[in-house]
Amino acid sequence: MENRKQLVEKLRAVGLRPTLQRIALGELLFSKGDRHLCAEDLHAEARAAHVPVSLATVYNTLNQFKAAGLLREIAIEGDRSYFDTNTSNHYHFFDDEKRQLMDIEIGELTVMGLPEAPEGKVIDRIDVIVRLRDA
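Attention here is on the structure that accompanies the text. Treat the numbers as computed from the prediction; the structure is a model and nothing was measured.

## A few points about the sheet that holds strand β6 (residues 129-132)
On the basis of which strands lie adjacent, the open sheet formed by three strands has the order β5-β4-β6 and mixed pairing. Of all the strands in the sheet, the pair left with one neighbour each is β5 (100-104) and β6. Taking the axes of each pair of neighbouring strands and ignoring which way they run, one obtains an average angle of 25° across the sheet. In the sheet, strand β4 (residues 91-95) pairs with β6 via four bridges, with the strands oriented parallel. From the neighbouring strand, F94 faces β6, where its bridge partner is R131.

## As for unusual backbone geometry
Of note in this structure, H50 is not a glycine but carries a positive phi near 65°. Here H50 lies in the loop between α3 (39-48) and α4 (55-67). Overall, the relative accessible area of 72% leaves H50 in the exposed class. Even without a glycine there, the phi angle at R99 is positive, about 55°. Positionally, R99 belongs in the loop between β4 and β5. Owing to a relative accessible area of 30%, R99 belongs among the partly exposed residues under this scheme.

## Comments concerning the packing of aromatic side chains
As enumerated under the stated definition, the model contains two aromatic pairs in all. The ring of F30 carries the charged tip of K10 above its face, separated from the ring centre by 4.8 Å.

## With respect to helix α2 (residues 20-30)
Counted residue by residue, α2 has eight buried out of 11 residues, so it is predominantly covered. The set of residues buried in α2 consists of R22, I23, A24, L25, G26, L28, L29 and F30. Elements in contact with the buried residues of α2: α1 (4-13), β1 (36-37), α3 and α4.

Conventions adopted
Residues numbered from 1 in each chain as written. Predicted model: local features only at pLDDT ≥ 70, side-chain atom pairs only at ≥ 80, totals over all residues. Heavy atoms only, no water. Pairing = 2+ DSSP bridges. Helix = DSSP H or I, 4+ residues; strand = E, 2+ residues; numbered from the N terminus. Axes fitted to C-alpha atoms, helices over the stretch in contact; angles between N-to-C directions. Buried < 20%, exposed > 50% of the residue type's maximum accessible area, 1.4 Å probe, protein only. Phe/Tyr/Trp six-rings, centres within 6.5 Å; stacked < 30°, edge-to-face > 60°. Lys NZ or Arg CZ within 6 Å of the ring centre and 35° of its normal. Contact = heavy atoms within 4.5 Å.

Note that every value here comes from positions in space, so none of it alone points to a role or purpose.
Shown next as structure tokens:
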């Protein structure tokens, strides 16, 4: 859980100006520990907290935070992106019915048989999404 001063310092450290909207959205994002949410979820939280931001501002802020390395984006079927406050290397379960993303600890999964990266490229990370449904 971060306080406002830590958040302002974090924003400045990654080259983002700590505007009132970035601070307000950052507090909502980072004050509840590691979590996954989409822009619409954050917008609803902002409205409930009486933070006057448009959905477009929420999208812009999430993308700025992602570009600065503060968030990780996980795209599900191209129609919906989730933003993860945990930027470490880890994998995910996705519950199709509940539209919920959950972490899989990295030690619980091994990825084998990866091809070599093309010349001049290196593998940056591996995204694994294990899709779930009710039994």
